[in-house]
Structures are given as C-alpha cells and as structure tokens.
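Topology and contacts: notes
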Amino acid sequence: MIETPQEFQSDGTTCRGVLYTPDADSKGLPCVVMAHGFGLTHASGLAPFKEAFCNAGYAVFAFDYRHFGDSDGQPRQTLSPWKEVADWLAALNFARQLDRIDGSRICLWGTSFSGGLVIAAAAKDGNVQCTISQCPMMDGLASLLGVVGYAGLMQAMRLTWHGTVDWLRRGLGMSPRYIASAGRPGELGMMTAEDCQEGYVPLLADNASNYVAAGVSYAIPLFRPIRLASKVACPALVLICDHDTVAPASSAVKAAQRMPNAEVKHYPVGHFDVYRGEALDQSIEDQLDFLSRFFKQIGARSD
C-alpha cells in the first residue's frame, strides 16, 4: 500500500490527508473518501478499513477535518457539523481531480458521527456514486435524548452550561472551554455511557485528543442528517449496531428507510465493537461486497 500525503483547501483553511493506493502505478482507480467520527483523526483506528480497500484494488483518500489532527484551523478541537460537511465536499472535489482517481467512481465512507456527515454531504453534492455509513449518527436530537436516557437530565444541563461558557469565552477572544469527548458514567463528557471510555480512548492516534470545545453541545441536537436522507438517491450501505449507546440504531433505521437505494446490515453489538474482532471482520466483508457490486456496475455503464 502506497501512501502519498495530500492537502486541499476548505473555506480557506488547509486540510491534510493521505492518498492510499494499492501500488505506485495504477491509474483510474475507484476511490473511497474517508474521515473519522466525533473528534477523531483518520489515523485513529481506521487502518483495517484502509488496508482492506486497498487490497481489493481501490484507492482511499483519508483526511482530517479542519481544527483536528494534521489539518490547520484555530482554535483546536472545535467541532462544527456544518463546517465538517463543507470539509467533506472540499475533500470530495479534491479527490475527483487527482490524477490516479476515477472521479466517476467515488464512495463517501463515514463511521459514527461521520456516518451522518457523509449523508449530508452526499445530499448536498448530488453526484456521489455511493455511500457507506457505519454505526452512523443520523439524528443529533435523538443522540441528545439518548444522553438524557442513560445519564439523566442533569448531565444534559451540565453540557449546556459548559457549552454556554465556551461560546462566551470564544466570543471574548479567550481560549475555548474544553470537556472530554468520552468519559466514564457520571463524568463530564459528550459520551459517557458504559462502553464509551473503553471504546473511544483506544482508538486515539498520536494526533488525536480526548477533548473537544464544549460549544458543540449546542450544535449536536441541531444536526440531523435524517432530514436529508431522502435526497441521497445513490446506493447507500448503512451498517447498524443494534446495541448502540452513542448513535441510536432506531434513527439509523429510519434514515435508511428514507433513502431510495439503501441496503442495511445489522450487527448485534455496541457502538465501539465494530472496530474490533468478529464485528469488524463482518463489517469489512459486507463493505467489500457492496463496493464490488456497485463499482463494477458503474464501470460497466461507463464502458
């Protein structure tokens, strides 16, 4: 697998990523454009997916959002869903122009929070060939209600308080108020269900951190990719973890039902289980089957 660093502009900010290809000479490759979920970088636990796709003959363009990882943007660790959708669109347009990529055969690949981001990006772009959403966060409001369900109303109020302080601080030109992305039950964090700390932290790469600016607590419930799902007419694979504590499975099911060409796979596991063990192996197998079928169809039509 050949790794070639790349950079592109998103609203005037430099974002960075890596183009992975099976070898140094292939051209006209179908491409999977990839980024991670909430507060994570593409180096955080996605290697098995990159390797599997490259071994199957596809290119992978994996990137970091602005304000995170290897990309520019200040202040750091400030997450805006709408800015990240814009980063997806910029990355998609950049990938379409790469010499070794077949711009007519591109899949947007997202997991967890980015599983919903790719739906929003695909709906806005209108010309994506297919999408893959693994354990996707399709409805931020449902996710917030999930927090209330497992952590109580007081936790939601704590998040709102710290989010308010964060926005006030940034409005006054001060540094953000940060909170944990994932914590243990009872701790202050955006995700604090039983499996969050042990599932999230092991994914962290050297260029990723387990904290985020608290103002995102206001943005999450307003970000609802489920409302755009009906606009995603391309083939879409939705991989649902039935015991998901972070991204409600019921919202993913409803979103998939609104997509005209969605396929759904269910796994009897929690949100973070899909990054390891048998669930990871099965997810990759299902994704490779999906990509093989649809990239082959697109290639046949273009011939």
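By the naming in an unreviewed UniProt entry, the chain goes by Alpha/beta hydrolase and is assigned to Marinobacter maroccanus.

Thoughts on the overall build of the chain
Looking only at helices and strands, one finds nine helices and 11 strands in the chain. Taken against the 2.2 N^0.38 rule, which gives 19 Å for 303 residues, the C-alpha radius of gyration of the chain at 18 Å falls within 12% of a compact globule. A principal-axis box enclosing the C-alpha atoms of the chain has dimensions of 60 × 40 × 35 Å. By the burial criterion, 57% of the 303 residues in the chain qualify as buried. In the chain, the share of contacts with a sequence separation of at least 24, taken over all contacts with a separation of at least 6, comes to 72%. Here the chain carries 25 positive and 31 negative side-chain charges, and the mean point of each set is 8 Å from the other.

Quick word on the sheet that holds strand E7 (residues 178–182)
Strand order in the open sheet formed by three strands is E8-E7-E9, with mixed pairing between adjacent strands. Since the sheet does not close on itself, it has two edges, and those belong to strand E8 (189–191) and strand E9 (211–213), each with one partner. Here the strands of the sheet are splayed against their neighbours by 35° on average, with no regard to which way each runs. On the sheet, helix H5 (residues 153–171) packs against E7, E8 and E9 and is oriented at approximately 120° with respect to E8.

Observations concerning the environment of valine 60
Note that valine 60 resides in strand E4 (residues 59–63). Spatially, the C-alpha atom of valine 60 lies 9.6 Å from that of isoleucine 106, the residues being 46 residues apart in sequence. Beyond its immediate chain neighbours, meaning those up to four positions away, valine 60 contacts Val18, Leu19, Tyr20, Cys31, Val32, Met34, Lys50, Phe53 and Cys54.

Description of unusual backbone geometry
Here the amide bond leading from glutamine 74 into proline 75 is cis, since omega sits at -5°, within 30 degrees of zero. The residue proline 75 is located in the loop between E4 and helix H2 (81–97) in this model. With a phi close to 80°, histidine 67 is a non-glycine residue in the positive phi region. Note on placement: histidine 67 falls in the loop between E4 and H2. Judged by its relative accessible area of 8%, histidine 67 falls in the buried class. Of note in the backbone geometry, serine 112 takes a positive phi value of approximately 60° without being a glycine. As for its placement among the helices and strands, serine 112 is situated in the loop between strand E5 (101–111) and helix H3 (113–125).

Focus on the nonpolar core
Grouped together as the largest cluster of nonpolar side chains are 97 residues, with contacts concentrated most on Val33, Trp88 and Leu291. The element best represented in this core is H3, accounting for eight residues.

Structural notes on the UniProt feature "domain: Xaa-Pro dipeptidyl-peptidase-like" (unreviewed entry) in the chain
The residues that UniProt annotates with the feature "domain: Xaa-Pro dipeptidyl-peptidase-like" (unreviewed entry) are residues 11–142. In residues 11–142, helix accounts for 32% and strand for 28%; the two terminal C-alpha atoms are 30 Å from one another.

What about the sheet that holds strand E1 (residues 2–10)?
One open sheet holds the eight strands; their spatial order is E1-E2-E4-E3-E5-E6-E10-E11, and the pairing between them is mixed. With one partner strand each, in any of the chains shown, E1 and strand E11 (262–267) form the two edges of the open sheet. Neighbour-to-neighbour, the strand axes of the sheet open up by a mean angle of 20°, direction not taken into account. Those strands touched by H3 are strand E3 (29–35), E5 and strand E6 (130–134), and its axis lies near 140° from that of E5.

Quick notes on the environment of alanine 86
Topologically, alanine 86 is positioned in helix H2. Between the C-alpha atom of alanine 86 and that of aspartate 11, which follows or precedes it by 75 residues, the distance is 7.9 Å. If near-sequence neighbours (up to four positions away) are discounted, alanine 86 is found in contact with Ser10, Asp11 and Arg66.

Remarks on the pattern of salt bridges
With the rule as written, the count across this model stands at 13 salt bridges. A salt bridge links arginine 100 to aspartate 23, with the shortest nitrogen-to-oxygen separation between them at 3.8 Å. Pair noted here: arginine 100 is in the loop between H2 and E5 and aspartate 23 is in the loop between strand E2 (13–21) and E3, with a separation of 77 residues, a long-range link. By relative accessible area, which is 14% here, arginine 100 ends up buried. What makes aspartate 23 partly exposed here is its relative accessible area of 31%. Put simply, aspartate 273 and arginine 276 hold a salt bridge, and the shortest N to O gap is 2.8 Å. Of the residues examined, aspartate 273 reaches a relative accessible area of 27% and is grouped as partly exposed. Taken together, the shared-partner salt bridges in this structure form one network comprising Glu7, Arg16 and Asp72.

Analysis parameters
- Residues numbered from 1 in each chain as written.
- Predicted model: local features only at pLDDT ≥ 70, side-chain atom pairs only at ≥ 80, totals over all residues.
- Heavy atoms only, no water.
- Helix = DSSP H or I, 4+ residues; strand = E, 2+ residues; numbered from the N terminus.
- Rg over C-alpha atoms; globule rule 2.2 N^0.38 Å.
- Buried < 20%, exposed > 50% of the residue type's maximum accessible area, 1.4 Å probe, protein only.
- Contact = heavy atoms within 4.5 Å.
- Lys, Arg positive; Asp, Glu negative; His and termini not counted.
- Charge placed at Lys NZ, Arg CZ, Asp CG, Glu CD.
- Pairing = 2+ DSSP bridges.
- Axes fitted to C-alpha atoms, helices over the stretch in contact; angles between N-to-C directions.
- Core = buried A, V, L, I, M, F, W, Y, C linked by side-chain atoms within 4.5 Å.
- UniProt positions renumbered as here; feature names shortened; annotations may be inferred.
- Salt bridge = Lys/Arg side-chain N within 4 Å of Asp/Glu carboxyl O.

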